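Survey of secondary and tertiary structure
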Amino acid sequence: MRTFNVAVVGATGAVGNEIIRILEERNFPVSQLKLLASERSLGKSLEYKGKSIPVEVLNEDSFEGVQIGLFSAGGSISEKFAPIAARAGCVVVDNTSAFRMVHDIPLVVPEVNPEAIGQYKNKGIIANPNCSTIQMVVALKPIHDAVRIKRVVVSTYQAVSGTGKKAIDELEAQTRALLACQEPVVKVYPHQIAFNCLPQIDVFIDNGYTKEEMKMINETKKIMSDPSIAVTATTVRVPVFYAHSESVNIETEKKITSAEVRDLLSKAPGVKVVDDPSQKLYPLAIHAAGKDDTYVGRIREDESIANGINMWVVSDNLRKGAALNAVQIAEILIRDYL
Ligand code: A2P
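Residues numbered from 1 in each chain as written. Predicted model: local features only at pLDDT ≥ 70, side-chain atom pairs only at ≥ 80, totals over all residues. Heavy atoms only, no water.

The next thing to look at is the overall build of the protein chain. Counting its regular elements, the protein chain contains nine helices and 13 strands. For 338 residues, the compact-globule formula gives about 20 Å, and the C-alpha radius of gyration of the protein chain, at 20 Å, lands near that figure. Reported as C-alpha extents along the three principal axes, the dimensions of the protein chain are approximately 60 × 55 × 40 Å. Relative to its 338 residues, the protein chain shows a buried fraction of 53%. At a minimum sequence separation of 6, the contacts of the protein chain that also span at least 24 residues come to 66%. (Helix = DSSP H or I, 4+ residues; strand = E, 2+ residues; numbered from the N terminus. Rg over C-alpha atoms; globule rule 2.2 N^0.38 Å. Buried < 20%, exposed > 50% of the residue type's maximum accessible area, 1.4 Å probe, protein only. Contact = heavy atoms within 4.5 Å.)

Shown next as structure tokens:
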């Protein structure tokens, strides 16, 4: 079996750590694993397949002899180093928003548009979508193929791990402080996140939406190759550590019943339907955390319009929303292209 030299950029972060675990779990054919981070991580080592691998400081020569680079160290690092890696012959799968909307860079969810991966040849870069977008389009695609989705109204309930390690620590520290009747320290988010919901993810832009909301809107159209789908989003950070939940309302061109949606989704790749209200069964963040699938439940017809469906979509934001999706892209890349 052919093996590949793989670099993980941002290896010490929340997503980087998950990428290492997933490469290991899925037995990705790695010959050499290079773990890259900032000077702050100099001297650290991370475990991969029972071996301790030293973390190296990312620099312009890091990609010599590397065939695949999985980037998750923030947008500005990707902007600078992804083109450097690509020039060195390394195909980059980038988890940041740096290249997602660049027209000749593919934006890929393997269950939805695997055929776009071939466009990596344009720039040597493949973009991994935003976490909230990935789990939503995995659930939307089979419905769109069957009855064409005209409009999506989505509200998200997003876990703090999407912001990175600092945010996981902040939710824990604030929760402990408040339970001990102490003042919580607010650093990562604009307001206290413990025992709260923040209707702001990323910064606001001129139209009153946040950047996170615009990512869901624009990325959905690009991944589904259909600019005519109308999307509106409200993205909310909630005091959950792992897994994003989403309330998704869709309006379709042709009528589809909730039973038909349940049937379509139960056969869809990457989706598990958990939908038995009589048994109080529906997708929960605590169950999705650590799992690979996107869970869909609360499927019901929207009685306020002619052709409408409501559903509740939950997935682990660090896995399908980031690391797993990136590794799945790399798996197709080596199977079909490299
Ligand atoms: P480090 O741990 O050395 O700071 P998270 O999203 O969980 O906060 O993780 C961010 C990841 O990006 C970490 O692995 C972090 O490394 C890495 N990173 C941040 N800034 C840089 C940089 N200037 N060069 C290389 N890696 C960076």
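The next point concerns the site of the ligand. Taken together, 16 residues sit near the ligand, with Thr 12, Ala 14, Ser 38, Arg 40 and Ser 41 positioned nearest. Between Thr 12 and the ligand, the recorded distance is 2.6 Å, taken from a side-chain N or O atom to an oxygen atom. Between the ligand and the protein, one listed contact pairs an oxygen atom with a backbone N or O atom of Ala 14 at 2.9 Å. When the ligand sits alone it has 570 Å² of accessible area, and the protein chains cover 74% of it. (Near = heavy atom within 4 Å. Polar contact = N/O pair within 3.5 Å; in protein donor to acceptor, adjacent residues only side chain to side chain. Areas by Shrake-Rupley, 256 points an atom, 1.4 Å probe, with all protein chains shown as cover.)

This paragraph deals with the pairing of strand β5 (residues 68-71). It is a general feature of regular strands that their side chains alternate between the two faces of the sheet. Burial of the side chains of β5 extends over both faces: Ile 68 and Leu 70 are buried on one face and Gly 69 and Phe 71 on the other. Strand direction decides the pairing type here: strand β1 (residues 4-9) and β5, joined by four bridges, are parallel. Bridge assignment links Ala 7 to a residue of β5, and that residue is Gly 69. In this structure, β5 lies alongside strand β6 (residues 91-94), joined through four bridges in parallel fashion. In the strand pairing of β6, Gly 69 is matched with Val 92. A crossover connection joins β5 to the parallel β6 through helix α2 (residues 75-87); in handedness this β-α-β unit is right-handed. (Pairing = 2+ DSSP bridges. Right-handed = clockwise from strand over helix to strand, strands pointing away.)

All right, on to the environment of Val 57 then. Looking at the secondary structure, you find Val 57 in strand β4 (residues 51-57). Once the C-alpha coordinates of Val 57 and Leu 107 are considered, the two residues, 50 residues apart in sequence, prove to be 28 Å apart.

This next bit is on α2. For α2, built from 13 residues, the straight-helix expectation of 18 Å at 1.5 Å per residue is met to within 8% by its first-to-last C-alpha distance of 18 Å. The largest bend in α2 comes to about 35 degrees, at Phe 81, with the proline Pro 83 one to four residues further on. Contacts from the buried residues of α2 go to β5, β6 and β7 (125-127). Phi turns positive one or two residues past the end of α2, at Gly 89, with a value near 90 degrees. (Expected span 1.5 Å × (residues − 1). Bend = angle between axes of the 7 residues up to and from the residue.)

Another aspect to go through is the pattern of salt bridges. Pairs can form between side chains of opposite charge whenever their charged atoms are close. Under the criterion given, the structure shown has 19 salt bridges. The shortest N-O distance in the salt bridge between Glu 219 and Arg 100 comes to 3.2 Å. With a gap of 119 residues between them, Glu 219 in helix α6 (residues 211-223) and Arg 100 in the loop between β6 and α3 (120-123) connect regions that are remote in the sequence. On the basis of relative accessibility, which here comes to 5%, the residue Arg 100 falls in the buried class. Across the pair Lys 215 and Asp 202 runs a salt bridge whose closest N-O atoms are separated by 3.6 Å. Of this pair, Lys 215 sits in helix α6 while Asp 202 sits in the loop between α5 (165-179) and α6; the two residues are 13 residues apart in sequence, bridging distant segments of the chain. Take Lys 215: its relative accessible area is 18%, and that puts it in the buried class. Through salt bridges with shared partners, one network takes in Glu 18, Glu 25, Asp 292 and Arg 319. (Salt bridge = Lys/Arg side-chain N within 4 Å of Asp/Glu carboxyl O.)

Our next topic: the sheet that holds β1. Taken in spatial order, the seven strands of this open sheet run β3-β4-β2-β1-β5-β6-β7, and their pairing is mixed. The open sheet has two free edges, formed respectively by β3 (45-48) and β7, since each of these has just one partner strand. Here the strands of the sheet are splayed against their neighbours by 25 degrees on average, with no regard to which way each runs. Across four bridges, the pairing between β3 and β4 is antiparallel. Bridge assignment links Tyr 48 to a residue of β4, and that residue is Lys 51. The strands touched by helix α1 (residues 14-25) within the sheet are β1, β2 (30-37), β3 and β5, with β3 carrying the most contacts at an inclination of about 30 degrees. (Axes fitted to C-alpha atoms, helices over the stretch in contact; angles between N-to-C directions.)

Bringing the side chain of Glu 213 into the picture now. Secondary-structure assignment places Glu 213 in helix α6. Here Glu 213 is buried and forms no salt bridge, its nearest opposite-charge partner Arg 237 lying at an N-O distance of 11 Å. Setting aside its immediate chain neighbours within four residues, Glu 213 contacts Ala 233, Thr 234 and Thr 235. (Lys, Arg positive; Asp, Glu negative; His and termini not counted.)

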